[in-house]
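# Residue-level structure breakdown
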Amino acid sequence: MRARMLGQLKKSNRSKKNWGKAMAAAADGLGSIAIDTTQLNMSVTDPTAWATAMNNLGMVPVGLAGQQLVTDSICVPGFDPSLSMMTGITPINPMIPGMGLVPPPPPTDVPVVKEIIHCKSCTLFPPNPNLPPPSTRERPPGCKTVFVGGLPENATEEIIQEVFEQCGDITAIRKSKKNFCHIRFAEEFMVDKAIYLSGYRMRLGSSTDKKDSGRLHVDFAQARDDFYEWECKQRMLAREERHRRKMEEDRLRPPSPPAIMHYSEHEAALLAEKLKDDSKFSEAITVLLTWIERGEVNRRSANQFYSMVQSANSHVRRLMNEKAAHEQEMEQAKESFKNALTGILTQFEQIVAVFNASTRQKAWDHFSKAQRKNIDIWRKHSEELRNAHSEQLMGIRREEEMEMSDDDSGDNPSKKLRVDDSALAAQAYALKEENDSLRWQLDAYRNEVELLKQEKGQLFRTEESLTKDQQLQFLQQTMQGMQQQLLSIQEELNNKKSELEQAKEEQTHTQAMLKVLQEQLKSAKELAEINGHDESQANEINVLTVALVNQDREKNSEKRSPGLKSEKEALLIGIISTFLHVHPFGANIEYLWSYMQQLDSRISANEIEMLLMRLPRMFKQEFTGVGATLEKRWKFCAFEGIKTI
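Residues numbered from 1 in each chain as written. Predicted model: local features only at pLDDT ≥ 70, side-chain atom pairs only at ≥ 80, totals over all residues. Heavy atoms only, no water.

Taken in spatial order, the four strands line up as β1-β2-β6-β7 in an open sheet, and their pairing is antiparallel. Looking along the sheet, the strands with just one partner apiece sit at the ends: β1 (117-118) and β7 (213-215). The pairing of β1 with strand β2 (residues 122-125) spans two bridges and is classified as antiparallel. The residue of β2 that forms the bridge with I117 is L124. (Pairing = 2+ DSSP bridges. Helix = DSSP H or I, 4+ residues; strand = E, 2+ residues; numbered from the N terminus.)

Structure (structure tokens):
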């Protein structure tokens, strides 16, 4: 026995030569794991072998000076295994080669050298380094339990704990009656240290009995507790990842627009003030639009909404002024750009002149070949830039000339006619806008009258009611005046429209006549030149053309009297006359339109009303009722005109 121990000591001394290889192999098997060695208290019979074995396990033996395989900065006490729970970052296993935490594995052709491990109750002898490494099963996820087989028959639970507690804190040991057991560690990295002991031969004390020796086989074990803890950890990581993604999405999501407050009289008063402020107009107009779309407009709030709409309309002039100011700034910027471009083009011309002077024979002969080449390249480049800038400047000038020609073209008669037509159209549009505004005011007054009537029916006959009656009469009078004003404006509008149409017809007719007369004059001049007639014949032709023009003007003046434009209007007049004839007291425009809608669904009430207003000798308009019951009716009066005649 003593001789064998001496042989082992010699073998351990020889193995110091291969210290680097052994250290790399131990680092590959154990990683960067360090174990608390303050709990170990055992006798050391061979200090050199014990130091080698402890270094292979990645720890410094008690009371001996040794060197760890890896530094403390990457050992487990410095590595937080709960890092994934706090930050959602997947933990890095320090045992994985290539991560920069452990040295790369040794070459496969170099055998791993293991040393003898001495404990209080047993001794562990390393396997033959020439044999292949012991096989292991696939590592289950979250494995903290190992299977240990090949134990001696006399090995107790205390001996097993004494051997394997060097690898880390043991949570539980489940020993079978046969020669194997299951050991559960506190952390996953401790399993790798236990796997390192696979293949060692275990001997209890100094006994040579068969029951006191056995070859250890350490392998990964699949335990439900390990898998459950791993699943819990993965679910926690998934929750943290989902939470992190949600926080990131919330951070990147654009902010929601502010909520629109509900309508109330107080909020409407505040909004009316905001609409008058230029800086708050965009925000206030959004609120107003939302209220109108929600359906907040009713009879009671119509006047308030009308005033707010009127305030919004008052900003149109401001916006047009801002547009004009920006256009003026754009014109100034164009002018400054053109001036700057002119100065740049002048400098380019000077540079090109310098190059042209340099290429003349007087100075060109004194330059070297390389200098001539560079000067030629620079001259071509400058000429290209000069041409490009001159083309750009000429384009700007052409655009300005085109704009000036457009302005000058307004002097011809056709342009004047267009201007007159546009002026008439603008005047007609303004009258229409005023008509619409008066109609809206009339509707607002009607709503007020109805509200006053409701309040009058609910309250007693007091002095307040008398004042309300006076107000009601005053409003009725103003409403009648507004209706009369509205009718007069409508008549003016219709007259303007008819005058505009007649002016357009006259313009087209005169243009056609001018073309015909020009062709006749050309043909007459050609005939005069061919036949040799004198100037008296040409004067006769001019007199004839003037007479024709005057005759056409007389015909146009006769055509100015209003008449029917199409067969459809004649049919409509016949149907309307028949309908109103059987209604001697008249009918309102809605009733008449509902009847005509059954015959032709494309007819509008506005079209019928315009047709009735064009024929005042056949149809007349009367007002019946007072106040809210005021109604406008149309009557057939053609027979009355015949009687008067």
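Now that the structure has been shown, we can carry on.
With 31 residues, the main nonpolar core has V148, F164, I183, F185, L197 and M202 as its most contacted residues. Mapped onto this core, the elements with two or more residues apiece are β2, β3 (145-149), α5 (157-164), β4 (170-175), β5 (180-185), α6 (189-196), β6 (201-204) and β8 (217-220). It is α6 that provides the largest number of residues to this core, a total of six residues. Among residues more than four places away in sequence, those in contact with V148 are F164, N179, F180, C181, I183, L216, H217 and V218. Counting residues in each nonpolar core, the second largest holds 17 residues, with I589, I608, F636 and A638 among its members. (Core = buried A, V, L, I, M, F, W, Y, C linked by side-chain atoms within 4.5 Å. Buried < 20%, exposed > 50% of the residue type's maximum accessible area, 1.4 Å probe, protein only. Contact = heavy atoms within 4.5 Å.)

Another aspect to go through is the pattern of salt bridges. Opposite charge on two side chains makes pairing possible when the charged atoms of those side chains draw close. What the rule picks out here adds up to 22 salt bridges. Here R251 makes a salt bridge to E248, at a shortest N to O gap of 2.4 Å. Taken together, the positions of R251 and E248, both in helix α7 (residues 224-252) and three residues apart, correspond to about one turn of that helix. Note on R251: relative accessible area 58%, which makes it exposed. Among the salt bridges present, the one from R386 reaches E349, with a minimum N-O distance of 3.0 Å. Of the two residues, R386 sits in helix α13 (residues 369-408) while E349 sits in helix α11 (residues 315-358), which places them 37 residues apart along the sequence. You can call E349 partly exposed: its relative accessible area is 37%. Taken together, the shared-partner salt bridges in this structure form one network comprising K144, R184, D226 and E229. (Salt bridge = Lys/Arg side-chain N within 4 Å of Asp/Glu carboxyl O.)

The subject of this paragraph is the packing of helix α8 (residues 265-276) against helix α10 (residues 302-313). Relative to each other, α8 and α10 sit at 15°, their axes nearing to 9 Å. Put simply, α8 runs roughly parallel to α10. Viewed along their axes, α8 and α10 form a crossing whose handedness is left-handed. Listed contacts from α10 to E265, A268, A269, L271, A272, L275 and K276 of α8 are Q304, M308 and S311. A per-class count over the contact of α8 with α10 returns six nonpolar, two polar and two charged. (Axes fitted to C-alpha atoms, helices over the stretch in contact; angles between N-to-C directions. Parallel < 35°, antiparallel > 145°, perpendicular 65-115°, else oblique. Left-handed = near helix turned anticlockwise from the far one by under 90°. Nonpolar A, V, L, I, M, F, W, Y, C, P; charged D, E, K, R; others polar.)

Once that is clear, we can look at the UniProt feature "coiled-coil region" (unreviewed entry) in the protein. Mapped onto the present numbering, the UniProt feature "coiled-coil region" (unreviewed entry) falls on residues 309-336 and 428-520. The span residues 309-336 is 96% helix and 0% strand, and its two end C-alpha atoms sit 41 Å from each other. (UniProt positions renumbered as here; feature names shortened; annotations may be inferred.)

Once that is clear, we can look at helix α9 (residues 281-294). Over its 14 residues, α9 runs 20 Å from end to end, which matches the ideal 20 Å to within 8%, given 1.5 Å per residue. Taken together, the buried residues of α9 touch α8, α10 and α11. Within two residues after α9, G295 carries a phi angle of roughly 90°, on the positive side. (Expected span 1.5 Å × (residues − 1).)

We now examine a negative patch on the surface. Taken together, the side chains of E327, E331, E399 and E403 define an acidic patch exposed on the protein surface. Mapped onto the fold, E331 is located in helix α11. Overall, the relative accessible area of 45% leaves E331 in the partly exposed class. (Patch = residues over 30% accessible without salt bridge, like charges linked within 9 Å, V, L, I, M, F, W, Y side chains within 5 Å. Areas by Shrake-Rupley, 256 points an atom, 1.4 Å probe, with all protein chains shown as cover. Lys, Arg positive; Asp, Glu negative; His and termini not counted. Charge placed at Lys NZ, Arg CZ, Asp CG, Glu CD.)

In this section: α8. Compared with the 16 Å implied by 1.5 Å per residue over 12 residues, the 17 Å span of α8 between its first and last C-alpha is a close match. Those residues of α8 not exposed but buried are A268, L271, A272 and L275. Along the long axis of α8, the arc covered by the buried residues comes to 105°, so they all point the same way. Relative to its buried face, α8 has exposed residues pointing more than 90 degrees away, namely H266 and E273. On its buried face, α8 sits against α9, α10 and α11. (Arc of directions from axis to C-beta.)

Together, I292, V297 and V309 give the surface a local cluster of nonpolar side chains, amounting to about 220 Å² of exposed area. Structurally, V309 can be placed in helix α10.

The next subject is the sheet that holds β5. In a beta sheet, neighbouring strands are held together by backbone hydrogen bonds and run either parallel or antiparallel to one another. Strand order in the open sheet made by the four strands is β4-β5-β3-β8, with antiparallel pairing throughout. Only two strands of the sheet have a single neighbouring strand rather than two, namely β4 and β8. Looking at each pair of strands side by side, their axes are set apart by 20° on average, direction ignored. Strand direction decides the pairing type here: β4 and β5, joined by five bridges, are antiparallel. For R174, the partnering residue across the bridge sits in β5 and is H182. Set on the sheet, α5 makes contact with β3, β4, β5 and β8; between it and β4 the angle comes to about 140°.

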